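Observations on chain architecture
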Amino acid sequence: MNAPEKAVSIGPFENTSGQTARQPKIWAPMIVTREQIEAEVERLADEPLPANGRRIARIVHPEASDAMGITPGTDVQIQVLKPGEQTVPRRTNANQLEICIRGGGLLETDGGFRVGLHSVSTLPPMQSYSHRNDGRDLWVRLTYSNTPLLSHLRALWEEDGEAIGASETEGDGLTDHQREVYAWQNAPDLQIGDAGARLRGYEYLTDIPVVGNPPLHWPFEIVSEHLSKTAGDGGRTIMLLYHPVTERRAGTTPTYFATMARVPANSAPFTGTRGHRHISASINYHLTGRGYSVVDGHRLDWKGGDLLLSAPTWSEHAHYHSEEGTTALTVQDHPMHIALGSLLWQEKMNGPIFALGSQRGQTGYVSPRTTGE
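Just so it is clear, the model here is predicted, and its values are computed rather than measured.

Attention shifts here to the packing of aromatic side chains. Scanning the entire structure with this criterion turns up three aromatic pairs. With 5.8 Å between their ring centres and 55° between their planes, tryptophan 184 and tyrosine 204 make a pair best called tilted. With tryptophan 184 in the loop between α3 (176–181) and β12 (189–192) and tyrosine 204 in helix α4 (residues 203–206), this pair connects stretches of sequence that are 20 residues apart. For tryptophan 184, a relative accessible area of 25% translates into the label partly exposed. Three or more aromatic residues joined by ring pairs form one cluster here, namely Phe270, Tyr292 and Tyr320.

Below, the discussion takes up empty space enclosed by the protein. Taken as a whole and assessed by the stated rule, the structure comprises one cavity of 30 Å³ or more. Looking at the largest cavity, the residues that line it are Asn95, Gln96, Thr122, Leu123, Pro124, Pro125, Asn213, His243, Thr252, Thr253 and Pro254. A class-by-class count of the residues in the lining of the largest cavity yields four nonpolar, seven polar and no charged.

Taken as a whole, the second largest pocket holds about 670 Å³ of empty space. What lines the second largest pocket is a set of 27 residues, and nearest its centre among them are Lys25, Trp27, Pro72, Gly73 and Thr313. Elements that contribute at least two residues to the lining of the second largest pocket include exactly α2 (147–152) and α6 (334–340). Tallied by class, residues from the lining of the second largest pocket come to 13 nonpolar, ten polar and four charged.

To continue, consider a nonpolar patch on the surface. A cluster of nonpolar side chains, namely Leu190, Ile192 and Leu199, defines an oily patch on the protein surface of about 280 Å² accessible area. Examined against the element boundaries, leucine 190 turns out to sit in strand β12. Residue leucine 190 is classed as partly exposed on the basis of its relative accessible area, which comes to 45%.

Pairing is antiparallel in the open sheet, where six strands are placed in the order β2-β3-β10-β5-β8-β14. A strand with exactly one partner marks an edge of an open sheet, and here the two such strands are β2 (55–59) and β14 (217–218). Relative to β14, strand β8 (residues 120–123) is paired through two bridges, and the arrangement is antiparallel. For valine 120, the partnering residue across the bridge sits in β14 and is tryptophan 218. Where helix α1 (residues 34–45) meets the sheet, its contacts fall on β2, β3 (75–81), β5 (96–102) and β10 (139–145), and the angle it forms with β3 comes to roughly 50°.

What counts and how
Residues numbered from 1 in each chain as written. Predicted model: local features only at pLDDT ≥ 70, side-chain atom pairs only at ≥ 80, totals over all residues. Heavy atoms only, no water. Phe/Tyr/Trp six-rings, centres within 6.5 Å; stacked < 30°, edge-to-face > 60°. Helix = DSSP H or I, 4+ residues; strand = E, 2+ residues; numbered from the N terminus. Buried < 20%, exposed > 50% of the residue type's maximum accessible area, 1.4 Å probe, protein only. 1 Å grid on protein atoms, 1.4 Å probe; cavity = no way out; pocket = protein on both sides within 12 Å on 5 of 7 lines; lining within 4 Å. Points joined across faces, edges and corners; volume = space filled by probe spheres on them. Nonpolar A, V, L, I, M, F, W, Y, C, P; charged D, E, K, R; others polar. Patch = residues over 30% accessible without salt bridge, like charges linked within 9 Å, V, L, I, M, F, W, Y side chains within 5 Å. Areas by Shrake-Rupley, 256 points an atom, 1.4 Å probe, with all protein chains shown as cover. Salt bridge = Lys/Arg side-chain N within 4 Å of Asp/Glu carboxyl O. Pairing = 2+ DSSP bridges. Contact = heavy atoms within 4.5 Å. Axes fitted to C-alpha atoms, helices over the stretch in contact; angles between N-to-C directions.

Written out as structure tokens, the structure is:
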């Protein structure tokens, strides 16, 4: 009888010598219809109220495995509150933004506000928040967050019950003098050479200068006034909901931008046969209208109330509205990729690939869309 072969072990290494250049692994586009969303809302509303007050359904892409989301890095949840109900305060290290798709209520946080239909709000990391439905209808929200990415990194942190407005500096054991002396302003900061390299003290890592990140709110009735209303009126068809905390990353949260777009009825349609592509993944929620998108050769017809993964990472996509036009919220993990230096953008499929934020950006952006090139 032959002795079994011994297993060969090379330790915690994988030999990748000579590995060829890699490209993004593109997911298929995905649409969740208004009817599917409405049915899920009714199912959630029929459930007993959980102890934490959160009736939630996560939208999961068929290709998701480890971290469950509509993209590998983004979660979209349907959240439902009945009249008179309130959620237990929660805080998390995830970035979140929400759009109200039915009813309304109070977002209670450190500087809260009333949320109405199609309004967009941010829920900053590590700030406790709660939702309270003081109306007569269901309050339904779509909540976007980077929890799948954090889960994949094994870095997601959540806590229920933390008082709204609580200060983390309480009970840290430091005196005011210690907080002042052992701070980044007093740490070494030395120039190394003439090209810009520096040597800095550890305080620069643990006491990072704060850029204020309050929760913000964009009421739809105000945003709507700044969008084009009739075909040919010269108004803007797309506007960024900008939060100053994102600075040059041009976002609504440090992870996402949200734009509100309106193409008025009877506007000239896009007549091109090719689209564009970018590394950031794009999710469209269509408030109104009708049309279709072509994503890597797949046609997806959409209407008001549909949620569409309209541009999986690095997929070619183009959008074609009908005569009735459309209004849509687009959420894209654009700011995150700017921070990573990984934001590639190709406006024309036979044109250059730009690394936005690291190289000179895409100019003349509107022209290809209006000339049909």
